Amino acid sequence: MGWKQLICCLPGVLPVVRLRASLEWKSSWEQLACETVKRDLRITPGSGFIAVYLETYGCQMNVNDTEIAWAILQKSGYTRTKALDEADVILLVTCSVREKAEQAIWNRLQHLKALKARRLQARLPLHIGILGCMAERLKEKILHREKLVDIVAGPDAYRDLPRLLTVAESGQQAANVLLSLEETYADILPVQTSAGGTTAFVSIMRGCDNMCSYCIVPFTRGRERSRPIASILQEVKMLSDQGVKEVTLLGQNVNSFRDTSEVQFQSAATPVLSRGFSTVYKAKPGGLRFAHLLDQVSRIDPEMRIRFTSPHPKDFPDEVLQLIQERHNICKQLHLPAQSGSTRVLEAMRRGYTREAYLELVHHVRDSIPGVSLSSDFIAGFCGETEEDHQQTVSLLREVRYNVGFLFAYSMRQKTRAYHRLQDDVPADVKQRRLEELITVFREEAARTNGAVVGHSQLVLVEGPSKRSASELCGRNDGNIKVIFPDAKIEDAADCKALVRAQPGDYVLVKVTCLECLFSWAIFPAQCCSLEQLLPGEPKIKMDLPKHLCS
C-alpha cells in the first residue's frame with residue numbers, strides 16, 4: 001500500500017483525495033493532509049506502507065534479479081506498486097553490457113530527477129536506487145553525479161537492500177557493491193513479477209570465468225558459482241504448482257553448471273569439452289554437472305517446457321545433446337553464440353575455438369537433434385576486425401542459417417582485456433554498416449530456414465494477448481519462435497463438440513500458411529496463421545504432435 005492509498009483509508013479525509021492520480025496539488029489542505037499522515041504514522045520498513053517501484057533493464061538474468069530483490073524487500077515489510085507516482089522508493093535493475101544500455105539508465109534518471117524535485121517541494125521524500133551490473137561498474141560516478149541516487153547495490157548485495165534503504169531514510173547515500181565468491185541466493189524463492197504468468201526464469205548459477213576479452217560480465221557479476229541442485233528443483237516444483245508452463249534455466253554460462261554443495265559430489269567425473277574447444281582456466285574436477293540438473297528438472301513436470309540460456313559452445317558434451325533429443329519437454333532449441341566467423345577475431349576475443357571447430361559443433365548438434373532450432377550472438381566491428389574478417393562472419397551466417405539472431409555493434413567496456421590490450425580501431429560508421437549487412441543476411445537466411453514450417457502445424461504455448469492487436473494472441477513454438485495468431489474460438493481436443501478460446505498456458509496447434517514478413521525475432525504474422533485445436537493432456541503427448549504433423 002502506498003501513501004495515497006493509505007490516505008484514502010483514513011476517516012475525515014475528503015473523497016476527492018481518493019481520485020488523485022498525480023502530485024499536482026489543487027489545494028493546500030490536500031498537501032497538508034498527506035504530510036501529516038506520513039509524519040504521524042512514522043512510516044518505516046516493516047510497517048507495510050513503504051511502496052517500492054521496480055524497473056528492469058537488460059537480460060533475463062536481470063528479470064530474475066528483480067524477482068530476488070523484491071522477495072527480499074517483501075519479506076522486510078515493503079509493498080509493491082506499479083504506479084511510479086505512488087512510489088516511495090524507485091529501484092532500477094540495470095545492464096552494463098553495452099554503452100547504449102547504460103545511456104538508457106542515465107536518460108531515465110533525468111526523468112526521475114524532475115519527479116524527485118516535485119516530491120521534495122511537497123516534503124515527501126523519494127529515494128532512488130541503482131541495482132545490478134551498472135551499479136557494480138560505476139558506483140562512484142552514480143553516487144556523485146547530481147546527487148540524485150540514494151542507494152547503489154551490486155548483483156551480490158540484494159540481501160543488504162533493507163539496510164541500505166534504512167540508511168537512505170536518514171538522508172545519507174548508501175552503497176554495497178562487494179562481489180561474492182559464494183552468493184547464489186539459493187535460499188530465496190523469487191517472487192514472480194507477473195502474477196499468473198505462463199513462463200518463468202530460474203537462475204541456476206551466477207558469474208562467469210570465461211574472461212572473453214570483450215565482456216564486462218566477470219567484472220560486474222564476479223566469479224562463476226552454482227546453486228545447489230536441491231534448491232533449483234524446489235523452485236521449479238513451486239513454479240509447476242503455480243501453473244507455470246515454461247521454465248528457462250538461467251546463467252551467464254549455464255551449461256558449465258557444477259554443484260559442489262555436497263561432499264559426495266566431489267568425486268563426479270570431469271566432463272569433456274566440445275571437440276576442438278578450450279578454456280582460459282583449468283578444468284574443474286568434481287561436482288554434479290548440467291546434464292544431471294537438466295535430467296532432474298525435466299522430470300518434475302512433463303507438461304512444463306524446459307529451456308536454458310545462455311550457454312557457451314564449449315560445454316555441449318554428448319550426454320547433454322542426447323538428453324535434449326530424448327526428452328519431449330526439453331525444447332529442441334539451442335543458443336550457440338558464435339560472436340564472429342573469423343578465426344583470427346575469435347582468437348582476439350579469447351573464445352577458445354576456431355571457425356572450423358564451431359561449424360563441426362553445429363553439424364554435430366544437427367545430427368544429434370534433428371529439426372533443432374539454432375540461435376546465436378554476433379558482434380560487428382570488434383577490435384582489429386578487417387573487411388575480410390567481416391565477410392567471414394557473413395559467410396558463417398549463410399552457412400549455418402540460424403532461426404533467431406542477436407546482433408550488435410561492438411561497444412568497448414572498461415576493465416575488460418580488450419580495453420587494456422586492444423584498440424577500438426573500427427570507426428563507428430563502419431561498425432554500423434557491417435552490423436546492417438549482418439542483419440540483412442541473417443534475415444534472408446532465417447526467412448529461408450523458418451519458411452520450412454509453411455504448410456505445417458506448430459505446437460504453440462499461448463503467452464497472452466498480442467501487443468499489436470486485441471484480436472490476436474501470441475505465443476512461442478518449441479523452437480522459441482514467436483507466433484502471432486487470431487484470438488478465435490477453436491475446437492477443444494478434450495471435447496470435439498465444444499468451441500473455446502485459448503487462454504495463457506494453453507497449448508494450441510497453429511497452422512502456418514505463409515510468411516509475409518519475418519523480423520529478426522522471427523514472427524509469424526497473424527494473417528498467415530490459423531488456429532486448429534486446443535490441446536489438453538500430458539505434455540509428453542503434446543510435444544510429440546508436431547513431429548507427426550510436420551512430417
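Residues numbered from 1 in each chain as written. Predicted model: local features only at pLDDT ≥ 70, side-chain atom pairs only at ≥ 80, totals over all residues. Heavy atoms only, no water.

- The name recorded for the protein in an unreviewed UniProt entry is Mitochondrial tRNA methylthiotransferase CDK5RAP1, from Apteryx owenii.
- Of the protein, the UniProt comment under Sequence similarities (unreviewed entry) reads exactly: "Belongs to the methylthiotransferase family. MiaB subfamily."
- Database annotation for the protein, UniProt heading Cofactor (unreviewed entry): "[4Fe-4S] cluster". (UniProt positions renumbered as here; feature names shortened; annotations may be inferred.)

1. Looking at the sheet that holds strand 16 (residues 404-409)
Now for step 1: Read from one edge of the open sheet, three strands run 14-15-16, paired in parallel fashion. The sheet is open, and its two borders are formed by strand 14 (333-335) and strand 16, each paired with just one other strand. On average, adjacent strands in this sheet sit at an angle of 10° to one another, irrespective of strand direction.
Now for step 2: Sheet analysis places strand 14 next to strand 15 (residues 373-380), joined by three bridges and oriented parallel. Residue pairing in the sheet places Q333 in a bridge with S373 of strand 15. (Pairing = 2+ DSSP bridges. Helix = DSSP H or I, 4+ residues; strand = E, 2+ residues; numbered from the N terminus. Axes fitted to C-alpha atoms, helices over the stretch in contact; angles between N-to-C directions.)

2. Points about the sheet that holds strand 7 (residues 199-203)
Now for step 1: Here we have three strands laid out as an open sheet, ordered 7-10-13, and parallel in their pairing. In this open sheet, the two edge strands, each paired with only one partner strand, are strand 7 and strand 13 (305-309). Between one strand and the next, the sheet's axes are offset by a mean angle of 25°, whatever the strand orientation.
Now for step 2: Two elements, strand 10 (residues 246-250) and strand 13, share five bridges in a ladder whose sense is parallel. Its bridge partner being in strand 13, L250 is matched across the sheet by T309.
Now for step 3: The sheet strands contacting helix 3 (residues 60-75) are strand 7, strand 10 and strand 13, and the helix crosses strand 7 at an angle near 85°. (Contact = heavy atoms within 4.5 Å.)

3. Considering the packing of helix 10 (residues 290-300) against helix 11 (residues 318-326)
A pair of packed helices is captured by two measures, namely the crossing angle of their axes and the spacing between those axes.
Now for step 1: Where helix 10 contacts helix 11, the two axes come as close as 9 Å, and the packing angle between them is 15°. Taken together, the axes of helix 10 and helix 11 are roughly parallel relative to one another. You can see that helix 10 and helix 11 cross each other, and the crossing is left-handed. Note on element contacts: helix 11 touches helix 10 through E319, V320, L323 and I324, opposite F290, A291, L294 and D295. (Parallel < 35°, antiparallel > 145°, perpendicular 65-115°, else oblique. Left-handed = near helix turned anticlockwise from the far one by under 90°.)

4. Focus: the packing of aromatic side chains
Now for step 1: Per the counting criterion, the structure on display carries eight aromatic pairs.
Now for step 2: For the ring pair Y214 and F382, a centre distance of 6.3 Å and an interplane angle of 80° mean the geometry is edge-to-face. Of this pair, Y214 sits in the loop between strand 8 (205-206) and helix 8 (217-221) while F382 sits in the loop between strand 15 and helix 14 (387-400); the two residues are 168 residues apart in sequence, bridging distant segments of the chain.
Now for step 3: Here F382 and Y410 contribute two aromatic rings whose centre-to-centre distance is 4.9 Å and whose plane-to-plane angle is 75°, an arrangement assigned as edge-to-face. Of this pair, F382 sits in the loop between strand 15 and helix 14 while Y410 sits in the loop between strand 16 and helix 15 (417-421), and the two are 28 residues apart along the sequence. (Phe/Tyr/Trp six-rings, centres within 6.5 Å; stacked < 30°, edge-to-face > 60°.)

5. Some thoughts on helix 9 (residues 229-241)
Now for step 1: With 13 residues, helix 9 extends 18 Å from end C-alpha to end C-alpha; this agrees with the ideal 18 Å at 1.5 Å per step.
Now for step 2: In this structure, the buried side of helix 9 is in contact with helix 3, strand 7, strand 10, strand 11 (258-259), strand 12 (288-289) and helix 10.
Now for step 3: Among the residues trailing helix 9, G243 stands out with phi positive, at a value near 95°. (Expected span 1.5 Å × (residues − 1).)

6. Let's talk about unusual backbone geometry
Now for step 1: Of the consecutive residues T309 and S310, the connecting peptide bond is found in the cis state with omega at 0°.
Now for step 2: In this fold, S310 is placed in the loop between strand 13 and helix 11.
Now for step 3: A positive phi angle, near 55°, is found at Y185, a position not held by glycine.
Now for step 4: Of note, Y185 is situated in the loop between strand 6 (174-176) and strand 7.
Now for step 5: Using a relative accessible area of 1% as the deciding quantity, one classes Y185 as buried.
Now for step 6: Residue R350 is not a glycine yet carries a positive backbone phi of 60°.
Now for step 7: With respect to the helices, strands and loops of the structure, R350 is situated in the loop between helix 12 (343-349) and helix 13 (355-368).
Now for step 8: Classification of R350 by relative accessible area gives partly exposed; the value is 28%. (Buried < 20%, exposed > 50% of the residue type's maximum accessible area, 1.4 Å probe, protein only.)

7. Observations concerning the nonpolar core
Most often, soluble globular proteins have nonpolar side chains that are buried together.
Now for step 1: One finds I204, L249, F290, L334 and Y402 to be the most contacted residues of the largest nonpolar core, which totals 58 residues.
Now for step 2: Residue contributions to this core peak at six residues, all from helix 13.
Now for step 3: If near-sequence neighbours (up to four positions away) are discounted, L249 is found in contact with V202, I204, V254, F290, L294, V297, I306, R307, F308 and T309.
Now for step 4: Formed by 25 residues, the second largest nonpolar core is a distinct cluster that contains I50, A69, Y158 and L164. (Core = buried A, V, L, I, M, F, W, Y, C linked by side-chain atoms within 4.5 Å.)

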